[in-house]
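Results of the structural survey
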Amino acid sequence: MTAIAVDEACDDARARANVLRLAIAQSLTGANAAVIFATGSIIGATLAPSTSLATLPLTIYVVGMACGTLPTGAISRAFGRRVAFMLGTGCGALCGLIAAVAILRGSFALFCFATFLGGLYAAVAQSYRFAAADGASASYRPKAISWVMAGGVFAGVLGPQLVQWTMDIWPPFLFAASFVAQMVIALVAMAVLAGVDAPPPAATDLADGRPLVTIARQPRFVAAALCGTVAYTMMNLLMTSAPLAMKFCGLSVSDSNFGIQWHVVAMYAPSFVTGTLIARFGAPRVVAAGLLLEALAAAIGHSGITALHFWVTLIVVGLGWNFAFVGASALVVETHRPQERNKVQAFNDFLVFGMMAIGSFSSGQLLTNYGWPTVTAVVFPPVALALAVLIITARARRGTVQA
C-alpha cells in the first residue's frame, strides 16, 4: 500500500507539471477560437454569396474539429501526445495566415479553408484535458481536467480583446490584422507545449485493450457521450448564432465582442471549482446542473432581443457548458482502461464534434429563415433527452452497486 501511494504521488507530481503547461496552452488556443467565433459569421456575411451561408465558416471550423479528432488519437497513440500538439499548433498558425490572406483577397472559399485548419487545431486542443489526466491518480483526474479547462478564462479576455484592438488596424480590411495576431498566438502555444512530458505509449500499453465497440456499448459511456454532445452542440448553436443575430437586431460589433468575451469567461471560470464539485457530488449531478443551465440560457434568449438578453444568454450557456462538458469528460475517463484511452477519447470527441458540425450549419439556416426565437427553442428537446438518459443510467448504476 505504501509503494502504491508513493507511485501515485510521483504520477500526480508529473501530472501537475503538465497541467500548468496545458492550462497555458488552453488559454492561448481558446483565444484563437474566440477570434474565429467573434468574427466568423460577420466575415461570412460579408464574403459569402448569400447571407444564409454566413455561418458556414464556423460550420467548417466544427467540421475540422470532427475530422481532426480520430487522427489526433491515432497520432497520439503512435508517437505520443506532444507530436499531435505540435501538428495542431502548426495548423493554428496556418489558419491565422490564410484567413488574413482570404480577407485581403475577398475569398469566401479561402476563408472557409482557413477555419477548417482552425478546427483541426481545436481538435488537438480538445485532447489537452485528457492529457492532463494521463497517469494521474483517480482522485486527481477530475481536478486535472478541470484546471486545464480553467486556462480558458484567460482566453475569454484575450480573444475578444484581441479582436477589439486589431480589427481596424488594416483598413479597409476589417479583422485581417486580428488573424495575423492569431497566428502569432498559435506559435507561442507551440513553444509552451514543446515542454509537456508526454512520451509515446509503451509497446505493452498498445497490445491490450477491449474492442472499441465493446467500450462504446457501456451505458455509462453512452450517457457520457450523449451529454457531452448535447452540451457542446447546444452551446455552439447559441454561440454561433448570437453575433449575427445581434447584428440583425441592430446591435454593434462591440456589443457582440463584449458578449463573446464574457461567454468564453463563463465557459472556463467555473473550472476552478468544477473538479471539486465532481469529487463531492459526483459527475452525473454536475452534468445535470449544466444541462439545466443551458436550458435556462435558451429560455432567457427566447424572452427578448436586447443586448442584455444576448449577454445573459451567452454567459449562462457558458456556465452550463462548463458543468456539463467537464462532468461528461470525467465520466468518459471512468469508462476505459489506461491502454484504451487514446482511441476512446478520440471516438468520444468525434461524436461530439461531428454532431456539432450539423448544429453549427443548422444555426445559420435557422437564424436566417426563422429567426433567433427558433434557434433558442431548438435547445430544449435535446437537453431533455440527455437529462433523461443520464438519470436512467445513474439510477441503473446505483441499483447495480447496491445489489
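Bear in mind the structure is a predicted one, so any value in this text is a computation, not a measurement. (Residues numbered from 1 in each chain as written. Predicted model: local features only at pLDDT ≥ 70, side-chain atom pairs only at ≥ 80, totals over all residues. Heavy atoms only, no water.)

1. Section: the pattern of salt bridges
Overall, the coordinates contain 1 salt bridge when judged by the stated rule. With a shortest N-O distance of 2.7 Å, Arg220 and Glu334 are connected by a salt bridge. Of the two residues, Arg220 is situated in helix H11 (residues 219-248) and Glu334 in the loop between helix H15 (307-333) and helix H16 (341-370); the sequence distance between them amounts to 114 residues. Here Arg220 falls in the buried class, since its relative accessible area comes to 16%. (Salt bridge = Lys/Arg side-chain N within 4 Å of Asp/Glu carboxyl O. Helix = DSSP H or I, 4+ residues; strand = E, 2+ residues; numbered from the N terminus. Buried < 20%, exposed > 50% of the residue type's maximum accessible area, 1.4 Å probe, protein only.)

2. Here we look at the packing of aromatic side chains
Tallied over the full model, the rule gives 12 aromatic pairs. Pairing Trp147 with Phe272 gives two aromatic rings, centres 5.4 Å apart and planes at 80 degrees, and the pair type is edge-to-face. In this pair, Trp147 is assigned in helix H6 (residues 141-150) and Phe272 in helix H13 (residues 271-281), connecting sequence segments 125 residues apart. Residue classification places Trp147 among the partly exposed positions, given a relative accessible area of 42%. In this structure Phe272 comes out as partly exposed when scored by relative accessible area, which is 42%. Plain terms: the ring middles of Tyr268 and Trp321 are 5.5 Å apart, the flat faces sit at 75 degrees to each other, and that makes the pair edge-to-face. Of this pair, Tyr268 sits in helix H12 (residues 253-268) while Trp321 sits in helix H15, and the two are 53 residues apart along the sequence. Under the relative-accessibility criterion, Tyr268 is labelled buried at 8%. Here the aromatic residues Tyr232, Tyr268, Trp321 and Phe325 are joined through ring pairs into a cluster of three or more. (Phe/Tyr/Trp six-rings, centres within 6.5 Å; stacked < 30°, edge-to-face > 60°.)

3. Let's talk about the environment of Ala33
You can see Ala33 is positioned in helix H1 (residues 2-47). When the C-alpha positions of Ala33 and Ile300 are compared, they lie 25 Å apart, and in sequence the two are 267 residues distant.

4. Comments concerning H12
Since there are 3.6 residues in each turn of an α-helix, residues three or four apart along the chain are aligned in direction. Here H12 contains 16 residues, and its C-alpha end-to-end distance of 23 Å stays within 8% of the 22 Å for a straight helix at 1.5 Å per residue. Regarding H12, the residues found buried are Ser256, Asn257, Gly259, Ile260, Gln261, His263, Val264, Val265, Ala266, Met267 and Tyr268. (Expected span 1.5 Å × (residues − 1).)

5. What to know about the environment of Val184
You can see Val184 is positioned in helix H8 (residues 176-193). Remark: the alpha-carbon pair of Val184 and Cys91, spanning 93 residues in sequence, is separated by 12 Å.

6. Some words on a nonpolar patch on the surface
There is a patch of nonpolar side chains on the surface, built from Leu104, Ile169, Trp170 and Val180 and spanning about 330 Å² of accessible area. As for its position among the elements, Trp170 is in the loop between helix H7 (152-166) and H8. Taking the relative accessible area as the measure of exposure, Trp170 reaches 37% and is therefore partly exposed. (Patch = residues over 30% accessible without salt bridge, like charges linked within 9 Å, V, L, I, M, F, W, Y side chains within 5 Å. Areas by Shrake-Rupley, 256 points an atom, 1.4 Å probe, with all protein chains shown as cover.)

7. What to know about the packing of helix H14 (residues 283-302) against H15
It is at 7 Å that the axes of H14 and H15 come closest, and there the two elements cross at 160 degrees. As judged from the angle between their axes, H14 and H15 are roughly antiparallel. In this structure, H14 crosses over H15, and the sense of that crossing is left-handed. Partitioning the contact of H14 with H15 into residue classes produces 19 nonpolar, 6 polar and 1 charged. (Axes fitted to C-alpha atoms, helices over the stretch in contact; angles between N-to-C directions. Parallel < 35°, antiparallel > 145°, perpendicular 65-115°, else oblique. Left-handed = near helix turned anticlockwise from the far one by under 90°. Nonpolar A, V, L, I, M, F, W, Y, C, P; charged D, E, K, R; others polar.)

8. What to know about the nonpolar core
Counting 128 residues, the largest nonpolar core has Leu22, Tyr128, Phe179, Tyr232 and Leu291 as its most contacted members. Per-element tally for this core: the top contributor is H11, with 16 residues. Not counting residues within four places of it along the chain, the set of residues in contact with Tyr128 comprises Leu22, Ala25, Gln26, Thr29, Phe85, Thr89, Tyr121, Val148 and Leu193. (Core = buried A, V, L, I, M, F, W, Y, C linked by side-chain atoms within 4.5 Å. Contact = heavy atoms within 4.5 Å.)

9. A closer look at unusual backbone geometry
That bond from Pro171 to Pro172 is cis: its omega, 0 degrees, falls within 30 degrees of zero. With respect to the element layout, Pro172 can be found in the loop between H7 and H8.

10. As for the side chain of Arg81
Along the polypeptide, Arg81 turns up in helix H3 (residues 81-105). Each residue touching Arg81, except ones within four places of it in the same chain, is listed here: Ser76, Ser127, Phe130, Ala131, Asp134, Ala198, Arg341, Asn342 and Gln345.

11. As for the confidence of the model for the protein chain
Reading predicted coordinates in detail is not appropriate for stretches of low pLDDT. Scored by pLDDT, the protein chain comes out at a mean of 85, with 93% of its residues at no less than 70. When mean pLDDT is taken per element in the protein chain, H14 scores highest with 96 and helix H9 (residues 203-207) scores lowest with 56. When the criterion is pLDDT under 50, residues 1-10 qualifies, and its contacts beyond four places in sequence or with other chains add up to 1 contact. (pLDDT = per-residue confidence, 0-100.)

12. Concerning helix H4 (residues 108-125)
For H4, with 18 residues, the first-to-last C-alpha span of 26 Å sits near the 26 Å given by 1.5 Å per residue. Of all 18 residues that make up H4, 13 are buried, and the element is covered over most of its length. Looking at where H4 begins, the residue whose side-chain oxygen comes 3.1 Å from the main-chain nitrogen of Leu110 is Ser107. (Polar contact = N/O pair within 3.5 Å; in protein donor to acceptor, adjacent residues only side chain to side chain.)

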